[in-house]
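Residue-level structural notes
If you want the building blocks of each chain, they are given just below.
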Amino acid sequence: MVKRRRSTITLTKVAVFCAAVTTILAMSASGVVFVTGGRNYAEQIHQLALIVMLAAYVFLIVAITAAKKNQPISLRVVEKDDCLLVSPCSVEAYAILDQFNIDKFVRNPHKDISKDRRNLLRIIIARDVIIAECFLDVLVLFPNLTVLDVQDSKVDLEFWSGLEELANLSDVLATNAIPDDVLRNISFSLPEVKFWTGKRRNLVVLSKAALNPSGV
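Residue numbers here run from 1 along each chain, matching the order of that chain's written sequence. Thresholds applied to this predicted model are a pLDDT of at least 70 for local features of residues and 80 or more for the giving and counting of side-chain atom pairs; totals over whole chains, interfaces and linings are not thresholded and use all residues. Heavy atoms throughout the structure, all of them, feed into the side-chain values; hydrogens and water do not.

**Some thoughts on the overall build of the protein**
Helix and strand assignments come from DSSP, with helices taken as H or I runs of at least 4 residues and strands as E runs of at least 2, each series counted from the N terminus. Secondary structure assignment for the protein yields 7 helices and 11 strands. Here the contacts in the protein between residues at least 6 apart in sequence split such that 66% fall between residues at least 24 apart. For the protein, the accessible surface area stands at approximately 12800 Å², while carbon and sulfur atoms represent 60% of it. By definition in these notes, contact holds between two residues if any of their heavy atoms fall within 4.5 Å. For accessible areas, the Shrake-Rupley method is used with a probe of radius 1.4 Å. Any residue's cover is judged against the shown protein chains and nothing else.

Here it is in C-alpha coordinates:
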(Lines give C-alpha, C1' and ligand atoms only; values in the text may rest on other atoms or scores of the structure.)
Protein backbone atom coordinates (compact mmCIF):
# COMPACT_ATOMS: atom_id res chain seq x y z
CA MET A 1 0.00 0.00 0.00
CA VAL A 2 1.29 3.45 -0.92
CA LYS A 3 1.31 5.88 1.97
CA ARG A 4 0.20 9.42 1.41
CA ARG A 5 1.77 12.28 3.28
CA ARG A 6 0.52 15.82 3.70
CA SER A 7 2.77 18.62 4.81
CA THR A 8 0.87 20.48 7.52
CA ILE A 9 1.98 24.04 8.24
CA THR A 10 1.18 25.19 11.75
CA LEU A 11 1.88 28.40 13.64
CA THR A 12 4.35 26.57 15.88
CA LYS A 13 6.29 25.18 12.90
CA VAL A 14 6.50 28.65 11.35
CA ALA A 15 7.73 30.07 14.66
CA VAL A 16 10.39 27.36 15.01
CA PHE A 17 11.55 28.04 11.45
CA CYS A 18 11.79 31.78 12.08
CA ALA A 19 13.72 31.24 15.31
CA ALA A 20 16.18 28.92 13.57
CA VAL A 21 16.74 31.26 10.63
CA THR A 22 17.21 34.37 12.78
CA THR A 23 19.62 32.48 15.06
CA ILE A 24 21.75 31.58 12.05
CA LEU A 25 21.64 35.19 10.86
CA ALA A 26 22.69 36.46 14.29
CA MET A 27 25.61 34.02 14.39
CA SER A 28 26.63 35.08 10.89
CA ALA A 29 26.48 38.74 11.94
CA SER A 30 28.75 37.92 14.88
CA GLY A 31 31.19 36.42 12.42
CA VAL A 32 31.12 39.58 10.34
CA VAL A 33 31.94 41.66 13.43
CA PHE A 34 34.90 39.40 14.20
CA VAL A 35 36.22 39.43 10.63
CA THR A 36 35.92 43.21 10.21
CA GLY A 37 37.39 43.94 13.60
CA GLY A 38 34.20 45.46 14.98
CA ARG A 39 33.61 48.17 12.41
CA ASN A 40 30.59 50.39 12.83
CA TYR A 41 28.46 48.94 10.01
CA ALA A 42 29.17 45.38 11.22
CA GLU A 43 28.08 46.26 14.75
CA GLN A 44 24.85 47.75 13.42
CA ILE A 45 24.13 44.62 11.38
CA HIS A 46 24.83 42.50 14.46
CA GLN A 47 22.51 44.54 16.67
CA LEU A 48 19.74 44.40 14.07
CA ALA A 49 20.15 40.62 13.76
CA LEU A 50 19.92 40.23 17.55
CA ILE A 51 16.73 42.31 17.68
CA VAL A 52 15.14 40.24 14.91
CA MET A 53 16.22 37.03 16.66
CA LEU A 54 14.71 38.23 19.94
CA ALA A 55 11.42 39.01 18.18
CA ALA A 56 11.44 35.54 16.60
CA TYR A 57 11.89 33.87 19.99
CA VAL A 58 9.08 35.94 21.50
CA PHE A 59 6.91 34.80 18.58
CA LEU A 60 7.93 31.18 19.28
CA ILE A 61 6.97 31.45 22.96
CA VAL A 62 3.58 32.93 22.04
CA ALA A 63 2.97 30.19 19.45
CA ILE A 64 3.84 27.38 21.88
CA THR A 65 1.65 28.91 24.60
CA ALA A 66 -1.28 29.24 22.20
CA ALA A 67 -0.85 25.64 20.98
CA LYS A 68 -0.92 24.29 24.54
CA LYS A 69 -3.97 26.40 25.38
CA ASN A 70 -5.91 25.09 22.39
CA GLN A 71 -4.96 21.46 22.96
CA PRO A 72 -8.08 19.47 23.94
CA ILE A 73 -8.34 17.26 27.01
CA SER A 74 -7.21 13.70 26.32
CA LEU A 75 -9.97 11.15 25.95
CA ARG A 76 -9.92 7.96 27.99
CA VAL A 77 -11.17 4.79 26.26
CA VAL A 78 -12.07 1.86 28.52
CA GLU A 79 -13.56 -1.50 27.52
CA LYS A 80 -16.52 -2.77 29.54
CA ASP A 81 -18.48 -5.84 28.40
CA ASP A 82 -19.49 -5.14 24.77
CA CYS A 83 -18.93 -1.39 25.09
CA LEU A 84 -16.12 1.11 24.88
CA LEU A 85 -16.53 3.93 27.37
CA VAL A 86 -15.12 7.23 26.09
CA SER A 87 -14.69 10.14 28.50
CA PRO A 88 -14.72 13.01 29.13
CA CYS A 89 -16.59 13.92 25.97
CA SER A 90 -19.72 15.93 25.25
CA VAL A 91 -22.41 14.78 22.85
CA GLU A 92 -21.47 17.67 20.55
CA ALA A 93 -18.03 16.15 20.05
CA TYR A 94 -19.12 13.11 18.03
CA ALA A 95 -20.81 12.66 14.67
CA ILE A 96 -22.65 9.69 13.14
CA LEU A 97 -22.32 9.59 9.35
CA ASP A 98 -24.47 7.56 6.99
CA GLN A 99 -23.63 6.86 3.35
CA PHE A 100 -25.40 9.98 2.11
CA ASN A 101 -23.38 12.29 4.38
CA ILE A 102 -20.12 10.52 3.62
CA ASP A 103 -20.63 10.90 -0.12
CA LYS A 104 -21.64 14.55 0.32
CA PHE A 105 -18.55 15.40 2.36
CA VAL A 106 -16.27 13.54 -0.06
CA ARG A 107 -17.58 15.62 -2.97
CA ASN A 108 -17.03 18.87 -1.11
CA PRO A 109 -15.10 18.36 2.15
CA HIS A 110 -14.99 22.04 3.15
CA LYS A 111 -18.68 22.81 2.72
CA ASP A 112 -20.90 23.44 5.75
CA ILE A 113 -18.19 22.59 8.30
CA SER A 114 -17.21 25.54 10.47
CA LYS A 115 -13.74 25.82 11.98
CA ASP A 116 -15.17 25.58 15.50
CA ARG A 117 -16.96 22.36 14.57
CA ARG A 118 -13.79 20.91 13.08
CA ASN A 119 -11.85 21.57 16.28
CA LEU A 120 -14.64 20.29 18.52
CA LEU A 121 -15.25 16.95 16.87
CA ARG A 122 -13.41 14.06 18.57
CA ILE A 123 -15.34 10.94 17.50
CA ILE A 124 -16.62 9.91 14.06
CA ILE A 125 -18.91 6.91 13.62
CA ALA A 126 -19.36 5.50 10.11
CA ARG A 127 -20.70 1.95 10.42
CA ASP A 128 -22.12 -0.31 7.73
CA VAL A 129 -21.13 2.03 4.90
CA ILE A 130 -18.73 2.08 1.95
CA ILE A 131 -15.57 4.05 2.71
CA ALA A 132 -13.25 5.05 -0.11
CA GLU A 133 -9.67 6.27 0.32
CA CYS A 134 -10.80 9.83 -0.43
CA PHE A 135 -12.79 9.84 2.84
CA LEU A 136 -9.45 10.75 4.42
CA ASP A 137 -9.83 14.18 2.81
CA VAL A 138 -12.78 14.66 5.15
CA LEU A 139 -11.18 13.20 8.27
CA VAL A 140 -8.05 15.38 8.06
CA LEU A 141 -10.30 18.43 8.45
CA PHE A 142 -10.80 17.43 12.10
CA PRO A 143 -7.42 17.97 13.82
CA ASN A 144 -8.59 16.58 17.18
CA LEU A 145 -10.18 13.38 15.87
CA THR A 146 -9.39 10.69 18.44
CA VAL A 147 -11.81 7.78 17.96
CA LEU A 148 -12.93 6.39 14.60
CA ASP A 149 -15.65 3.72 14.36
CA VAL A 150 -15.96 1.99 10.97
CA GLN A 151 -17.32 -1.37 12.14
CA ASP A 152 -18.89 -3.59 9.47
CA SER A 153 -18.01 -1.08 6.75
CA LYS A 154 -16.49 -1.90 3.38
CA VAL A 155 -13.23 0.04 3.54
CA ASP A 156 -10.80 0.72 0.69
CA LEU A 157 -7.46 -0.89 1.55
CA GLU A 158 -5.58 2.31 0.69
CA PHE A 159 -7.60 4.11 3.35
CA TRP A 160 -5.79 2.31 6.16
CA SER A 161 -2.30 3.43 5.15
CA GLY A 162 -3.51 7.04 5.19
CA LEU A 163 -4.47 6.94 8.88
CA GLU A 164 -0.99 8.23 9.70
CA GLU A 165 -2.27 11.63 8.59
CA LEU A 166 -4.58 11.76 11.63
CA ALA A 167 -2.13 12.97 14.26
CA ASN A 168 -4.40 12.62 17.31
CA LEU A 169 -6.06 9.33 16.40
CA SER A 170 -5.82 6.84 19.29
CA ASP A 171 -8.56 4.23 18.80
CA VAL A 172 -10.15 2.64 15.74
CA LEU A 173 -13.12 0.28 15.95
CA ALA A 174 -12.59 -1.91 12.90
CA THR A 175 -14.59 -5.11 13.44
CA ASN A 176 -15.26 -6.78 10.06
CA ALA A 177 -13.68 -3.82 8.29
CA ILE A 178 -9.96 -4.60 8.06
CA PRO A 179 -8.22 -7.80 6.83
CA ASP A 180 -5.84 -9.46 9.28
CA ASP A 181 -2.77 -8.96 7.08
CA VAL A 182 -3.50 -5.27 6.65
CA LEU A 183 -4.08 -4.93 10.40
CA ARG A 184 -0.67 -6.44 11.12
CA ASN A 185 1.06 -4.00 8.77
CA ILE A 186 -0.80 -0.97 10.09
CA SER A 187 -0.17 -1.97 13.69
CA PHE A 188 3.57 -1.86 13.00
CA SER A 189 3.43 1.56 11.33
CA LEU A 190 0.96 3.03 13.86
CA PRO A 191 1.86 1.45 17.22
CA GLU A 192 0.23 4.32 19.12
CA VAL A 193 -3.21 3.52 17.67
CA LYS A 194 -5.37 0.81 19.26
CA PHE A 195 -7.40 -1.25 16.76
CA TRP A 196 -10.50 -2.90 18.20
CA THR A 197 -11.54 -5.98 16.22
CA GLY A 198 -13.29 -9.27 17.00
CA LYS A 199 -16.71 -8.68 18.47
CA ARG A 200 -18.78 -5.63 17.56
CA ARG A 201 -18.77 -2.99 20.27
CA ASN A 202 -20.96 -0.04 21.14
CA LEU A 203 -19.50 3.34 21.94
CA VAL A 204 -20.65 4.96 25.18
CA VAL A 205 -19.87 8.66 25.49
CA LEU A 206 -19.49 10.01 29.02
CA SER A 207 -19.24 13.65 30.01
CA LYS A 208 -17.99 14.95 33.36
CA ALA A 209 -21.48 15.83 34.53
CA ALA A 210 -23.34 12.86 33.04
CA LEU A 211 -24.79 10.28 35.42
CA ASN A 212 -26.10 8.05 32.67
CA PRO A 213 -24.01 7.19 29.58
CA SER A 214 -25.17 8.03 26.10
CA GLY A 215 -24.68 4.92 23.95
CA VAL A 216 -24.16 5.08 20.19
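**What about the side chain of Ser 153?**
For Ser 153, the location among the structural elements is in the loop between strand E6 (147-149) and strand E7 (154-155). Counting of polar contacts relies on pairs of N or O atoms within 3.5 Å, with two restrictions inside protein: one atom must be capable of donating a hydrogen and the other of accepting it, and residues adjacent in sequence are counted only when both atoms are side-chain atoms. There is a polar contact of 3.1 Å between the side chain of Ser 153 and the backbone nitrogen of Asp 128. Contact partners of Ser 153, with chain neighbours within four places excluded, come to Ala 126, Arg 127, Asp 128, Val 129, Ile 131, Asn 176 and Ala 177.

**Considerations on the packing of aromatic side chains**
Aromatic rings from Phe, Tyr and Trp, taking only the six-membered ring of Trp, are treated as a pair when their centres fall within 6.5 Å; an angle between ring planes under 30 degrees marks them as stacked, one over 60 as edge-to-face, and anything in between as tilted. Within this structure, the stated rule accounts for 3 aromatic pairs. Between the aromatic rings of Phe 135 and Phe 159, the centroid separation amounts to 6.4 Å while the plane-to-plane angle is 20 degrees, which identifies the pairing as stacked. Of this pair, Phe 135 sits in the loop between strand E5 (130-131) and helix H5 (136-139) while Phe 159 sits in helix H6 (residues 157-161), placing them 24 residues apart in sequence. Only protein chains enter the calculation, and the probe is 1.4 Å; a residue is then buried if its accessible area is under 20% of its type maximum, exposed if over 50%, and partly exposed in between. Judged by relative accessible area, Phe 135 falls into the buried class, the value being 0%. On the basis of relative accessible area, Phe 159 is assigned to the buried category, the value being 0%. For a ring to carry a charge above it, either NZ of a lysine or CZ of an arginine must fall within 6 Å of the ring centroid while also lying within 35 degrees of the normal to the ring plane. Its end group placed over the ring of Phe 105, Lys 104 keeps NZ or CZ at 5.4 Å from the ring centre.

**A closer look at the nonpolar core**
The nonpolar core is taken to be a set of buried Ala, Val, Leu, Ile, Met, Phe, Trp, Tyr and Cys residues, with the residues joined through side-chain atoms within 4.5 Å. With 35 residues, the main nonpolar core has Leu 139, Leu 148, Phe 159, Trp 160, Leu 163 and Val 172 as its most contacted residues. Taken together, the elements giving at least two residues each to this core come down to helix H3 (99-107), H5, H6 and helix H7 (180-189). Counting 13 residues, the second-largest nonpolar core is a separate cluster that includes Leu 84, Ile 125, Trp 196 and Val 205.

**Description of the confidence of the model for the protein**
Per-residue confidence from the prediction method is given by pLDDT, with values spanning 0 to 100. Confidence along the protein averages 83 in pLDDT terms, with 87% of residues attaining 70 or more. Considering only residues more than four positions removed or in separate chains, one finds that residues 1-7, a stretch of pLDDT under 50, has 20 contacts.

**Thoughts on H7**
Turning to H7, its buried residues are Val 182, Leu 183 and Ile 186. Buried residues along H7 cover an arc of 100 degrees about the axis, so they all sit on one side. Opposite the buried face of H7, by more than 90 degrees, sit the exposed residues Asp 180 and Phe 188. For H7, the elements touching its buried residues are H6 and strand E9 (194-196). Taking the helix axis as origin, the arc is that swept by the directions to the C-beta atoms.

**Focus on the pattern of salt bridges**
Should a side-chain nitrogen of Lys or Arg be within 4 Å of a carboxyl oxygen of Asp or Glu, the pair is scored as a salt bridge. By the definition in use, this model includes 5 salt bridges. Of the charged contacts, one joins Glu 79 and Arg 201 as a salt bridge, the two residues approaching to 3.1 Å between their closest N and O atoms. In this pair, Glu 79 is assigned in strand E1 (residues 76-80) and Arg 201 in the loop between E9 and strand E10 (202-205), connecting sequence segments 122 residues apart. We classify Glu 79 as partly exposed; its relative accessible area is 38%. For Arg 200, the salt bridge is made with Asp 152, and the minimal N-O distance between the two is 2.3 Å. You can see Arg 200 sitting in the loop between E9 and E10 and its partner Asp 152 sitting in the loop between E6 and E7, a full 48 residues away along the chain. Take Arg 200: its relative accessible area is 37%, and that puts it in the partly exposed class.

**Some remarks on the pairing of E1**
Strands were regarded as paired on the criterion that DSSP finds at least two bridges between them. Judged from the 5 bridges that link them, E1 and strand E2 (residues 83-87) form a sheet pairing that is antiparallel. Looking at the pairing, Lys 80 lines up with Cys 83 of E2. Where E1 folds back on E2, the antiparallel hairpin that results is connected by 2 residues, among which Asp 81 adopts a positive phi of roughly 55 degrees.

**A few points about the pairing of E2**
Side chains Leu 84 and Val 86 project from E2 onto a buried face, and the interleaved Cys 83, Leu 85 and Ser 87 project onto a face without burial. One ladder, built from 4 bridges, connects E2 with E10; its direction is parallel. Directly across from Leu 85, in E10, lies its bridge partner Val 204.

**Observations concerning the side chain of Thr 146**
Checked against the element boundaries, Thr 146 lands in the loop between H5 and E6. The exposure class assigned to Thr 146 is buried, which follows from its relative accessible area of 5%. Within the structure, the side chain of Thr 146 is placed 3.0 Å from the backbone oxygen of Asn 144, a separation counted as a polar contact. Excluding its chain neighbours within four sequence positions, the residues that come into contact with Thr 146 are Leu 75, Arg 122, Asn 168, Leu 169, Ser 170 and Asp 171.

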